[in-house]
Amino acid sequence: MIKTEYYKDLTKMNTFGMKVKARCFMEYDSVADLVDIEFSELARPVLHIGGGSNLLFTDDFKGTVLHSKINFIEILDDNLCDTDPSPCSPDSSCHSERSEESFPPVLVSVGSGVVFDDFCDWAAKEGLWGVENLSYIPGEVGASAVQNIGAYGVEVKDVVHKVYCYDTLEEEFVSFGVDECGYGYRDSIFKKPEIRGRYVVTHVVFTLSRNPQPKLDYGHLKDAVDAAGGDLTPALIRKVIIKIRKEKLPEPSVVGSAGSFFKNPVVPMEQFIRIETEAKAEFGSDYKVPHYDLPDGMVKIPAAWMIEQCGWKGRRSGGAAVWEKQPLVIVNYTGEAYPEEIVGLERRIISSVKEKFGVELHPEVDHI
Ligand SMILES: Cc1cc2nc3c(=O)[nH]c(=O)nc-3n(C[C@H](O)[C@H](O)[C@H](O)COP(=O)(O)OP(=O)(O)OC[C@H]3O[C@@H](n4cnc5c(N)ncnc54)[C@H](O)[C@@H]3O)c2cc1C
């Protein structure tokens, strides 16, 4: 079924809570419905949204907004036991006789409209490893493959097997193996200006595993998991990560935001040394500027540190504010913020970081 609505209120369809309308909104339930849409006749521009958690609508949308409700999670290729070639469950008695590393990968096909965290929850309950570190990231499965979402040392590209799409230009189905997706930091070919919007993701096949493979190297995650106690399972890691995220980040249903607003800037080593020298002059010779050395000799500095150094942490500007627990996040503090207030705060942050550090911040959030 295709549901079409005109002048649709999008307030609840973007996690920033911007009160905007779409001239035309179309929601489809299946691949067959998607094919029935006459793309060449849609009011332009056309924007496919997921949960609207990486978007900042700056005005009413004058074209067509599409949304997928393709909702399924299906195991394609589960373990085949040595003795019995039919799929078996993780608690089958035969598994106890196998070495921990012996289970083959489990391919799982997931519809683009599935809430990504519902998929993480399902995987944890199935005892499948791979997406537990990505728990509680807002948004849907289709967008996860576009955005290459990441958290706690894992990116979705680590578990994507294939991305299945409908090519709206050639009107045919295509698939991209993980190596063809051009994945980078929160980036993929689907975001490149020349093909942006051309491919609608219909479903994604992920490679998960029944072999324990905890990834706990990021920050203090291992300490938090150890402190939680209990068997090391995807469900335990998921529980710990959800707790940490709830303590640090605004809950989209309570305070509007799009998560990290800015990308972390990458600067040449000489510029980093200059920034650190100035910080040492201010805070003492032992002070260290947080950073990550990149293989090409460049240095990545957390934008959150720069924003905090410029005194923005927790500051309000009209209905917008910088989140007090994570200065990388701009929030719709009052719930009534206008897009101009968010954009105004964004501009002031960019210009003060530029003035203090000589570094230009760029938004991670898509301005629509
Ligand atoms: C509180 C909070 C915390 C966050 N934390 C993280 C985090 O830890 N890590 C992280 O990576 N991100 C994080 N984000 C950002 C956001 O959750 C991700 O970018 C997410 O993937 C966006 O998913 P969405 O479904 O909301 O997509 P949308 O924001 O609706 O769209 C994102 C992009 O995907 C495209 N798109 C959506 N669906 C499809 C489809 N079916 N086919 C083709 N294109 C499509 C859109 O056109 C757009 O370009 C956070 C956001 C919030 C609000």
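Residues numbered from 1 in each chain as written. Predicted model: local features only at pLDDT ≥ 70, side-chain atom pairs only at ≥ 80, totals over all residues. Heavy atoms only, no water.

**Overview of a negative patch on the surface**
Right, so step 1: A surface patch of like charges, here negative, comprises Asp36, Glu38, Glu41, Glu170, Glu171 and Glu172.
Right, so step 2: On the basis of relative accessible area, Glu38 is assigned to the partly exposed category, the value being 46%. (Patch = residues over 30% accessible without salt bridge, like charges linked within 9 Å, V, L, I, M, F, W, Y side chains within 5 Å. Areas by Shrake-Rupley, 256 points an atom, 1.4 Å probe, with all protein chains shown as cover. Salt bridge = Lys/Arg side-chain N within 4 Å of Asp/Glu carboxyl O. Lys, Arg positive; Asp, Glu negative; His and termini not counted. Charge placed at Lys NZ, Arg CZ, Asp CG, Glu CD. Buried < 20%, exposed > 50% of the residue type's maximum accessible area, 1.4 Å probe, protein only.)

**Things to note about the site of the ligand**
Right, so step 1: For the ligand, the set of nearby residues contains 32 residues, the closest of which are His48, Gly50, Gly51, Ser53 and Pro138.
Right, so step 2: Between an oxygen atom of the ligand and a main-chain N or O atom of Gly51, the distance comes to 2.7 Å.
Right, so step 3: Separating a nitrogen atom of the ligand from a side-chain N or O atom of Arg245 is a distance of 2.8 Å.
Right, so step 4: Coverage of the ligand by the protein chains reaches 93% of its 980 Å² of free accessible surface.
Right, so step 5: Only β3 (46–49), α4 (141–147), β8 (150–151), β12 (199–208) and β13 (256–260) provide two or more residues apiece to the shell around the ligand.
Right, so step 6: Looking at the shell around the ligand residue by residue, the class counts come to 14 nonpolar, 13 polar and five charged. (Near = heavy atom within 4 Å. Polar contact = N/O pair within 3.5 Å; in protein donor to acceptor, adjacent residues only side chain to side chain. Helix = DSSP H or I, 4+ residues; strand = E, 2+ residues; numbered from the N terminus. Nonpolar A, V, L, I, M, F, W, Y, C, P; charged D, E, K, R; others polar.)

**Here we look at the environment of Ser188**
Right, so step 1: In this structure, Ser188 sits in the loop between β11 (172–177) and β12.
Right, so step 2: Overall, the relative accessible area of 0% leaves Ser188 in the buried class.
Right, so step 3: Taking the C-alpha atoms as reference points, Ser188 and Val108, 80 residues apart in sequence, are found 21 Å from one another.
Right, so step 4: Excluding residues within four positions of it along the chain, Ser188 makes contact with Ala145, Val146, Cys181, Gly182 and Tyr183. (Contact = heavy atoms within 4.5 Å.)

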